[in-house]
Protein chains: 4
Amino acid sequence: MEDKNQFFSYEMDTDLALEAGECLTKSGRRAEGVAFEEEEAEGGMIHITKVTIRDQEGAKLMGKPMGQYITLESALMREENGMELCAHALAGYIRQLLPSQWKTVLAVGLGNRELTVDSLGPRVIDNLFMTHHREGEGLCGLAPGVMAQTGMETADIVKGVAGQTKPDVVIAVDALAARSASRLGTTIQLTDTGITPGSGVGNHRNSLTKESLGIPVIAIGVPMVIKAVNIAYDTLHAVLKVLNTEKAFEGACDAIRTFSPQEAHGLVEELLQPSLGDLCVTPKDIDELVYVMGKAVAEAINETIHHREIPGTRESRS
Amino acid sequence: MEDKNQFFSYEMDTDLALEAGECLTKSGRRAEGVAFEEEEAEGGMIHITKVTIRDQEGAKLMGKPMGQYITLESALMREENGMELCAHALAGYIRQLLPSQWKTVLAVGLGNRELTVDSLGPRVIDNLFMTHHREGEGLCGLAPGVMAQTGMETADIVKGVAGQTKPDVVIAVDALAARSASRLGTTIQLTDTGITPGSGVGNHRNSLTKESLGIPVIAIGVPMVIKAVNIAYDTLHAVLKVLNTEKAFEGACDAIRTFSPQEAHGLVEELLQPSLGDLCVTPKDIDELVYVMGKAVAEAINETIHHREIPGTRESRS
Amino acid sequence: MEDKNQFFSYEMDTDLALEAGECLTKSGRRAEGVAFEEEEAEGGMIHITKVTIRDQEGAKLMGKPMGQYITLESALMREENGMELCAHALAGYIRQLLPSQWKTVLAVGLGNRELTVDSLGPRVIDNLFMTHHREGEGLCGLAPGVMAQTGMETADIVKGVAGQTKPDVVIAVDALAARSASRLGTTIQLTDTGITPGSGVGNHRNSLTKESLGIPVIAIGVPMVIKAVNIAYDTLHAVLKVLNTEKAFEGACDAIRTFSPQEAHGLVEELLQPSLGDLCVTPKDIDELVYVMGKAVAEAINETIHHREIPGTRESRS
Amino acid sequence: MEDKNQFFSYEMDTDLALEAGECLTKSGRRAEGVAFEEEEAEGGMIHITKVTIRDQEGAKLMGKPMGQYITLESALMREENGMELCAHALAGYIRQLLPSQWKTVLAVGLGNRELTVDSLGPRVIDNLFMTHHREGEGLCGLAPGVMAQTGMETADIVKGVAGQTKPDVVIAVDALAARSASRLGTTIQLTDTGITPGSGVGNHRNSLTKESLGIPVIAIGVPMVIKAVNIAYDTLHAVLKVLNTEKAFEGACDAIRTFSPQEAHGLVEELLQPSLGDLCVTPKDIDELVYVMGKAVAEAINETIHHREIPGTRESRS
C-alpha cells in the first residue's frame with residue numbers, strides 16, 4: 001500500500017529528533033540505523049527519550065546528522081516549582097555528553113535578544129555564572145547575536161573566540177521550532193551533534209559542530225514556536241484520517257480516499273503557505289516561557305559545570 | 001441551498017468589524033442595518049472601509065454593538081517611512097469621531113505591558129505627550145494594567161480616574177485578535193462604540209463604553225494576533241472550497257460535498273481545539289511590530305489633540 | 001556658643017526620619033516631641049529604629065509630619081540570601097502599622113518605570129500577588145505613573161481608584177533620597193504618615209495621606225539616591241570638623257574657625273549648586289539594587305497580606 | 001611659588017583628554033609635547049577641541065597615550081532635534097581618523113548592557129546597520145559583554161573575532177567617566193589611540209589598541225558618570241580658591257593658605273573616599289541620556305561607513 005507507507009515530508013520539518021522519529025515510526029518505514037530508548041526521572045514525572053542515529057541511512061531518513069538526541073518531556077516545566085527538578089535532571093544528561101576530561105567550557109547563546117521567540121540563547125548566557133576569567137579554566141560564554149545584528153556569520157564569531165579561549169567543549173543553546181503545539185513549554189532537547197544549518201527559530205545559521213570547530217559541541221534546544229503552516233497541515237491530516245477511519249463518514253469517503261497526501265499537501269502549500277510563511281505559533285505568555293526556560297537551562301549548565309566533583313547525583317534519582 | 005448560504009459562526013470570532021462584514025457578505029445574508037463605504041487616502045496607498053451598524057438586527061448579525069467602525073489598511077505600515085503617512089491619516093479619522101466640543105481627553109492604554117502581544121496599549125501611552133497637568137485641560141492618560149496585575153477590573157480603574165479628571169471623551173487603545181493573517185501589521189480599526197467585553201488579545205475585559213462611563217469612548221485597535229485554531233478552520237475552508245470548484249478534483253468531490261460546514265467545523269473543534277486553545281499566531285518580529293504600531297497610534301493621537309486648531313488637513317489628502 | 005549648636009538646614013533635606021533625627025541630636029537641640037527607640041531582629045543582623053514624632057514642635061524640628069517612622073537597616077540587604085530575612089522582618093512591621101480590621105488593601109507603586117532610580121514603586125507592584133479581583137477583598141494595586149507620563153496628579157488617580165475599590169488602607173511604595181551614601185542598599189523606611197509633597201526621587205508629588213484620601217496610608221520607602229550637592233556639603237563639613245579638632249592643623253585653624261557654617265554653606269551653594277542640581281549619586285549597579293529591593297518589598301507585602309492568619313511570626317524572631 | 005604650580009593628581013583622573021589638558025594648563029606646567037587646537041561646527045553651536053599628544057613626556061604629563069583626541073561639545077546634544085547635527089559633525093571627524101583605504105570596519109560596543117550607566121556601547125551596536133554579511137565587506141560589529149558576563153577578557157574576544165573577519169580598522173565605543181558634571185550629556189570624545197586599561201565606566205579593561213590588535217583602533221567615548229569622590233574634591237578646591245582670592249575672607253585666609261593642596265586632598269581621601277568609592281554621579285534621567293547618545297553615535301558611524309562615497313560633507317559645514 002504505497003499511500004499508507006508514504007509520509008509527508010513536511011512532518012520531518014521539526015528541530016526535534018523525537019518528532020522526526022515519531023513520524024518515521026508512523027510511516028511504517030524500517031530504520032535499522034535509528035534506535036529509541038526511554039527512561040523516567042523524578043518518579044515518572046520527567047519522561048526521557050534517547051534517539052540514536054547510528055548510520056548515514058538513518059541520518060537521511062531522519063533529516064538529522066548521526067549522533068545522540070536526548071529529549072526531556074515534563075509537565076513540571078509549566079509548574080511554579082517544577083523547573084528546578086527539570087534543571088537538575090537536565091544537568092545529569094549534560095554531564096553524560098561532556099567529554100570525560102575537560103577544563104574549559106564555552107557556552108554560546110544563539111539567537112536574537114530583541115525577538116522574544118528567539119531570545120532563549122542570550123537569556124541563558126545572562127544567567128550563567130562565569131568563572132574562566134578568574135580561574136583560567138571553568139565556564140566562559142557569550143551571546144554573539146544574529147547575522148543581521150553583527151554582520152558576521154555566528155559560526156565565525158564562535159570560531160574566533162574559541163581560537164583564543166581554547167575550550168575543550170562548546171555548549172550551544174538555541175530556541176527551536178517544533179511540529180506539535182504540545183511541545184511548547186514541556187520539552188528540552190540535548191544532543192551531541194551540535195547545531196546544524198537551518199535549525200532554530202532564526203534561519204540560515206551556519207554549522208557549529210565538531211567538524212567546523214574542531215571540538216565537541218553539545219546543543220541544548222527548547223521548542224519556542226511551531227510554524228503556522230504546520231497547523232494547516234495538521235488540520236488536513238486530521239480530516240483525512242477521520243475520513244479514512246470513522247464509520248460516520250464511510251459513505252462519503254470513497255472519493256476523498258483518492259485524494260493522496262501529496263495532493264492534499266500541494267493544496268495547502270498553494271492556498272495557505274504565502275500568508276502563513278512568516279508567522280509563528282506561540283503561547284500567549286511566550287515572554288514568561290522564555291524567562292522560565294532561560295533560567296532552567298542556565299541552572300542546569302551551572303550545576304553541571306560548577307559541581308562537577310559531585311558524581312552520580314542524577315543516577316540515584318532517575 | 002441551505003448549506004451554501006450558511007456561514008461558520010467561528011468566522012465572526014474577530015475583533016475587526018471589517019472581517020465580520022466580509023463574512024456576512026460572503027454568506028449571502030441580507031443585512032440592511034449594516035452599511036459599507038470605502039475611500040482612499042495618500043493617493044490610494046491607504047484603503048479605508050467604514051462599516052456602520054445602524055440597528056439591532058445588524059448588531060446581532062455582526063456580533064458587534066451599533067456604531068461606526070473605520071478600518072485603515074495599508075502596506076505602508078510595514079515600510080520604514082510609511083508609518084507617518086498612516087498616523088496622519090488616522091489622526092484625521094480620530095478627529096471625525098471626537099465630539100465637536102472638548103477640553104480634556106483621557107487616553108487609556110489597555111493590555112499587559114509584560115506580554116509582548118498584549119502590550120500595544122501601554123506602549124501608546126508611553127509615547128503620548130500629556131498636557132492636562134500643566135494646562136488644566138488637554139491630554140491625560142494611563143495604562144491601568146490588566147486584572148491579574150492590579151486585582152481590579154480595568155473598567156473600575158478608568159471609572160475612578162475619569163471621575164476625578166472629568167474628561168469629555170475617552171480614547172481607549174487595545175491589541176486585537178483578527179481572523180486573517182494578512183491583517184497583522186497592515187490594519188488599524190477605529191470605532192465610536194468603545195471597548196466591549198471579550199474583545200482584545202487579553203480576555204474577559206469589562207465594558208468601556210458611553211453607557212458604562214457616561215462619556216463617549218473612541219476605541220483604537222490594532223490586530224496583533226490571530227488565534228491558532230483559525231488557521232485550522234481556514235485550511236478546512238480552503239480545501240472544501242477547492243473540492244467544490246476546481247475541475248481537477250471534480251470526480252473525487254461528490255462525496256465531500258455532503259460533508260457540511262458544520263461537520264467540518266465539528267471535526268476541527270474535536271481534533272485540534274484542545275491543543276491550540278492557548279496558542280496565538282504572530283509574526284516572528286512581533287516585538288518590532290508592537291514598537292512601530294505603538295509609535296504610530298501615539299503620533300496620531302498626539303497630532304489629533306495638540307494640533308486641533310488646524311482643521312481639514314485630512315480632507316485635502318483623502 | 002551659638003555657632004556650634006547650629007546645624008545646617010540642608011542636613012534635614014532627607015526623606016529618612018532616621019537621618020533627620022541624627023542631625024537633630026547632633027545639633028544638641030532638645031526635642032521632647034521626638035522619641036527614639038531601637039531594637040534588633042535576626043540575631044542582631046537587622047537593626048530597627050523607631051522614630052516617633054509626637055507633637056507639632058517635633059514635626060517642625062524634624063521637617064516631617066507627626067507619626068511613626070520605622071527604619072530597618074541591615075547589611076543583609078546586599079547579600080545574596082539575606083534579602084528574604086529582611087523581607088520577613090519588614091512584613092512584621094507592616095503588620096504592626098495595619099489597622100486591626102481590614103478587608104481590602106490598595107498598594108500604590110509611585111515613581112517612573114522608565115527611570116531606573118525612580119522605578120522602585122512600579123517594580124514592587126509587578127511582584128505583588130493580587131487577589132481582590134477574585135475574592136472581592138484582599139490585595140489590589142497599581143503603578144499610576146508620574147505626572148509627566150499621565151498628565152494627572154498621581155494623588156487624583158489614587159483618589160479615583162480608591163473611590164471605586166474602597167480599600168481599608170493604602171500601602172504606598174516610593175524611592176527615596178537619603179543624605180548619606182551609606183544608606184543606599186541597606187535601608188528601608190516604613191511610616192504611618194503616608195506620602196508628603198516634595199519627598200521621593202521624583203519631585204512635586206501631592207499628598208497621599210489619611211487627610212487627603214480619608215483612609216490610613218502606610219508608606220514604604222527605600223533610599224535609591226543621594227543628591228550630588230550633599231557630597232559637597234559633607235566634604236565641607238568634614239574639613240571644618242577636622243580643622244576644629246585635629247592637632248596637626250592647630251596653627252592654621254584660628255582663621256577658619258571664624259568661617260561659620262552659614263558662610264561655608266553659602267559658598268557651596270554659590271559655587272557648586274548650579275552644576276550639581278540635577279545630578280544624583282547612585283551605586284553603579286543601581287539596576288541590580290532596584291531589582292533586589294523591588295522583590296524584597298513585594299515579598300514583605302505579599303507575606304503581610306496573604307498570610308495574615310499567621311500571627312506572631314515576627315515577634316518570635318525579633 | 002611651588003604651591004600655585006602644583007596641581008592635584010586626582011584632577012587627571014578623567015577619561016577625557018580635554019579635561020586632563022585643562023588641568024595641565026591650569027597648573028601652569030609647560031607641555032611642549034601637547035598641542036591644542038579649537039574649531040567650530042554648525043555655526044558655532046558645536047565646539048571642537050583637538051588635543052594632540054606628540055611625545056612621551058606629553059603622554060606622561062597627560063596620563064594618556066600619544067595620539068589625537070577630538071572632543072565635540074554642544075548643548076545641542078540635550079535638545080530634541082540637535083542630536084542629528086551632532087551625529088553629522090561626529091561622522092565627519094570619524095572619517096578624518098579612518099585609514100585612507102578600508103574595506104571592512106569592526107565596531108565593538110564595550111560595556112554592560114544590564115547596567116544603564118555602562119550600556120552605551122551595546123546600545124550603539126543595536127543601532128548600527130551591518131552590511132558585511134551581505135557584501136563581504138562594509139560594517140560588522142558586536143557587543144562582547146563584560147568580563148563578569150563572559151568569563152573572558154573582552155580584548156581576547158575582539159582579537160578572536162578580528163582574526164576571523166579581518167577588518168581594516170576597529171571602532172570601539174565606550175561609556176566614559178569625566179571629572180566635571182558639566183560634561184554629562186554634552187560631550188563626545190573621539191581618539192585614534194584605542195582603548196586603554198582602566199578607562200571607561202567599567203574597570204580593568206585590557207587594551208584594544210593598534211599594538212594589541214595589529215590594526216588601527218578608533219575609540220568613541222561618551223561621559224556618562226563622574227565619580228562621587230570628585231564632587232568632594234571639587235568642593236574643597238572651590239573653597240580653597242575662594243579663600244585665596246575673595247576679599248571678604250582676606251583676614252581669615254592667611255592660615256588656610258598654608259593648607260596645601262596635598263593636605264586638603266589627603267583629608268578628603270581619608271574622610272570621604274571609603275563611602276564614596278563605589279558610587280557614581282549621573283543625571284537623574286540617565287536612561288534617556290544613554291538612549292539618545294546611543295542613537296547619535298550609531299547614526300554617526302552609519303553615516304561614516306555607508307555614505308563614504310560622499311566626500312566633504314562635513315567640511316562644507318564646519
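Check the entry above for the structure.
Residues numbered from 1 in each chain as written. Chains lettered and ligands numbered in written order. Predicted model: local features only at pLDDT ≥ 70, side-chain atom pairs only at ≥ 80, totals over all residues. Heavy atoms only, no water.

Draft legend 1. Structural context of the relation of the copies chain A and chain D. When chain A is brought onto chain D, the operation consists of a screw motion whose angular component is 180° and whose axial shift is 0.0 Å, with 0.1 Å RMSD remaining. The operation mapping one copy onto its partner corresponds to a two-fold rotation axis. For chain A, the minimum C-alpha distance to the rotation axis belongs to Gly 160 of chain A and amounts to 2.0 Å. Interface overlap between copies is the fraction of interface residues in one copy that are interface residues in the other; for chain A against chain D it reaches 100%, indicating a shared surface. (Least-squares fit on C-alpha atoms with pLDDT ≥ 70 in both. Contact = heavy atoms within 4.5 Å.)

Draft legend 2. Just the interface of chain A and chain D, in detail. Taken residue by residue, the interface counts 25 residues in chain A and 25 residues in chain D. Here chain A meets chain D over a buried area of about 1,800 Å², counting both sides, of which 61% is carbon and sulfur. When the buried area of chain A at its contact with chain D is split by residue, His 133, Met 152 and Gln 164 of chain A rank highest and sum to 28% of it. At the junction of chain A and chain D, the tally comes to six residue pairs in polar contact (both at pLDDT 80 or more). Taken together, the elements giving at least two residues each to the side of chain A that touches chain D come down to helix H5 (120-126), helix H6 (132-135), strand S5 (138-142), helix H7 (147-150) and helix H8 (154-165) of chain A. Ranked by the residues each element gives to the side of chain A that touches chain D, the list is headed by H8 of chain A, at seven residues. (Buried area = accessible area lost by both parts, 1.4 Å probe. Polar contact = N/O pair within 3.5 Å; in protein donor to acceptor, adjacent residues only side chain to side chain. Helix = DSSP H or I, 4+ residues; strand = E, 2+ residues; numbered from the N terminus.)

Draft legend 3. Spotlight on the pattern of salt bridges. Summed over all chains, the structure comprises 28 salt bridges over all chains. Of the charged contacts in the structure, one is a salt bridge between Arg 183 of chain A and Glu 73 of chain A, with a shortest N-O distance of 2.4 Å. One end of the pair, Arg 183 of chain A, is in the loop between strand S6 (169-178) and strand S7 (187-191); the other, Glu 73 of chain A, is in strand S3 (residues 67-73), and 110 residues separate them in sequence. Judged by its relative accessible area of 7%, Arg 183 of chain A falls in the buried class. Residue Asp 126 of chain B is joined to Arg 113 of chain B by a salt bridge in which the shortest nitrogen-to-oxygen separation is 3.0 Å. (Salt bridge = Lys/Arg side-chain N within 4 Å of Asp/Glu carboxyl O. Buried < 20%, exposed > 50% of the residue type's maximum accessible area, 1.4 Å probe, protein only.)

Draft legend 4. Broad picture of the pairing of strand S3 (residues 67-73) of chain C. All names here are of chain C. Within S3, six of the seven residues are buried, leaving the element largely enclosed by the surrounding structure. Relative to S3, strand S2 (residues 46-53) runs antiparallel, the two sharing seven bridges. Bridge pairing links Thr 52 to Gln 68 in S3. (Pairing = 2+ DSSP bridges.)

Draft legend 5. Region of the structure containing the packing of helix H8 (residues 154-165) of chain B against helix H8 (residues 154-165) of chain C. Running from N to C, H8 of chain B and H8 of chain C point in directions that differ by 125°, and their axes come no closer than 7 Å. Put simply, H8 of chain B runs oblique to H8 of chain C. For the pair H8 of chain B and H8 of chain C, the sense of crossing is right-handed. Note on element contacts: H8 of chain C touches H8 of chain B through Asp 156, Ile 157, Lys 159, Gly 160, Val 161 and Gln 164 of chain C, opposite Asp 156, Ile 157, Lys 159, Gly 160, Val 161 and Gln 164 of chain B. Class assignment of the residues belonging to the contact of H8 of chain B with H8 of chain C gives a composition of four nonpolar, four polar and four charged. (Axes fitted to C-alpha atoms, helices over the stretch in contact; angles between N-to-C directions. Parallel < 35°, antiparallel > 145°, perpendicular 65-115°, else oblique. Left-handed = near helix turned anticlockwise from the far one by under 90°. Nonpolar A, V, L, I, M, F, W, Y, C, P; charged D, E, K, R; others polar.)

Draft legend 6. Geometry of the packing of helix H4 (residues 82-97) of chain A against helix H14 (residues 286-306) of chain A. All names here are of chain A. For the pair H4 and H14, interaxial distance at closest approach is 8 Å and the crossing angle is 45°. As the angle between them shows, H4 and H14 are arranged oblique. As H4 packs across H14, the resulting crossing turns out to be right-handed. On the side of H4, the interface is formed by Met 83, Glu 84, Ala 87, His 88, Leu 90, Ala 91, Ile 94 and Arg 95, while H14 contributes Val 292, Met 293, Ala 296, Val 297, Glu 299, Ala 300, Ile 301, Glu 303 and Thr 304. Residues belonging to the contact of H4 with H14 are distributed by class as follows: 11 nonpolar, two polar and four charged.

Draft legend 7. Highlighting the side chain of Asp 287 of chain C. The topology assignment puts Asp 287 of chain C in helix H14 (residues 286-306). In this structure Asp 287 of chain C is buried but unpaired, with Arg 123 of chain C as the nearest side chain of opposite charge at 5.9 Å. Leave out the neighbours within four places in its chain, and Asp 287 of chain C touches Thr 116 and Arg 123 of chain C together with Glu 114, Leu 115 and Thr 116 of chain D. (Lys, Arg positive; Asp, Glu negative; His and termini not counted.)

This is a description of form; function is not addressed.
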